[in-house]
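Okay, here's what each chain looks like letter by letter:
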Amino acid sequence: MTNYHDDLQMSEAFINTAFLALSGGLQDAYTYNVRDQVFSNAQTGNVVLMSQFLMSGQWGHILRYLFPLISFALGVWVTESIQGHFRDAKKMHWRQGILLAEIVILFIVGFIPGSLNMVATALVSFTCAMQVQAFRKVNGYAYASTMCIGNLRGGTAALSSFFRRHRKEDLKKAGYYFGVIFFFAVGAGLGGNLSLRYGYHVIWLSCALLFISFVLMYFERFRFHDHLL
């Protein structure tokens with residue numbers, strides 16, 4: 001009998017990862033374009049901008065970038081706690097619970113007015129952290145669905161290894177990483193352009209993408225359960 005966890009295949013499958021990456025790119029473009037040019041998941045960018053304003057004495061801008069940083073850290077903390085408490089849940093896998101929480105929070109964000117952009121961005125950062133903490137592998141390879149630098153490093157290293165050692169596994173690995181970057185970029189492009197045209201409600205498209213991921217995992221659980229029977 002194959003000893004896979006009942007939803008391991010779909011939570012790490014590339015098709016599921018593609019929807020997560022689309023959503024991740026959309027969220028970052030959304031907050032940058034319509035929520036005061038703050039990144040929801042590229043926290044390195046927030047640190048750069050926050051430090052720049054700090055050292056130039058523009059104190060009023062600091063909280064705009066500090067809140068998403070704190071919220072991102074809190075999202076990782078909460079997700080790790082959820083995993084610890086509900087790892088063995090039977091009715092619904094804890095990762096599916098994370099997706100539902102993301103969908104609800106992002107749906108609420110779509111109603112938040114521009115006067116509360118700081119709150120909106122902090123909430124999106126929270127959901128990004130939940131996603132990147134919950135979904136950390138694609139076909140067994142460590143990756144991130146809400147940022148690109150780690151994927152770019154992993155993909156380039158695998159490609160270099162392929163040209164040096166000529167192993168098909170390295171080329172396959174590089175394909176996964178660059179594929180994730182591609183879908184993240186598509187999501188960012190769509191999110192940026194649609195946000196500029198339609199405004200705050202565009203984040204609901206991210207809810208739809210995450211719901212597709214939820215459904216994929218749901219059906220995979222039953223398919224694999226029937227296979228074991």
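Residues numbered from 1 in each chain as written. Predicted model: local features only at pLDDT ≥ 70, side-chain atom pairs only at ≥ 80, totals over all residues. Heavy atoms only, no water.

(A) Representation of the nonpolar core in the model. Membership of the largest hydrophobic core comes to 39 residues, with the highest contact counts inside it found for Leu99, Val109, Phe135 and Tyr143. Of all the secondary structure elements, the ones that give two or more residues to this core are helix H2 (14-34), helix H5 (94-109), helix H6 (117-134), helix H8 (168-198) and helix H9 (203-228). Here this core takes eight residues from H6, the largest share from any one element. If we ignore the near neighbours within four places in the chain, the residues touching Val109 are Tyr30, Arg35, Ala120, Leu123, Val124 and Ile203. (Core = buried A, V, L, I, M, F, W, Y, C linked by side-chain atoms within 4.5 Å. Buried < 20%, exposed > 50% of the residue type's maximum accessible area, 1.4 Å probe, protein only. Helix = DSSP H or I, 4+ residues; strand = E, 2+ residues; numbered from the N terminus. Contact = heavy atoms within 4.5 Å.)

(B) Just the packing of aromatic side chains, in detail. The final tally for this structure, using the stated rule, is twelve aromatic pairs. Summarising the aromatic geometry, the rings of Tyr32 and Phe39 are spaced 5.0 Å apart at their centres and angled 20° between planes, so their arrangement reads as stacked. Through a chain of ring-to-ring contacts, three or more aromatic side chains come together here, namely Phe14, Tyr141, Tyr176, Tyr177, Phe182 and Phe183. (Phe/Tyr/Trp six-rings, centres within 6.5 Å; stacked < 30°, edge-to-face > 60°.)

(C) Here's a closer look at H2. With 21 residues, H2 extends 30 Å from end C-alpha to end C-alpha; this agrees with the ideal 30 Å at 1.5 Å per step. Summarising burial for H2: 16 of the 21 residues are buried, a large majority. Positive backbone phi, at 65°, marks Asp36, one or two positions downstream of H2. (Expected span 1.5 Å × (residues − 1).)

(D) Representation of the environment of Gln83 within the structure. Its location among the elements puts Gln83 in helix H4 (residues 62-86). The buried category is assigned to Gln83, whose relative accessible area is 10%. Between the C-alpha atom of Gln83 and that of Phe39, which follows or precedes it by 44 residues, the distance is 26 Å. The contact partners of Gln83, leaving out residues within four places of it in the chain, are Trp94 and Arg136.

(E) Region of interest: unusual backbone geometry. Positive phi is not limited to glycine here, since Gln37 has a value of about 55°. Positionally, Gln37 belongs in the loop between H2 and helix H3 (43-55). Despite not being glycine, His166 has its phi angle at roughly 60°, a positive value. Tracing the backbone through its elements, the reader meets His166 in the loop between helix H7 (149-165) and H8.

(F) Representation of H4 within the structure. For H4, built from 25 residues, the straight-helix expectation of 36 Å at 1.5 Å per residue is met to within 8% by its first-to-last C-alpha distance of 36 Å. Looking only at H4, the buried set comprises Ile62, Arg64, Tyr65, Pro68, Ser71, Phe72, Gly75, Thr79 and Gln83.

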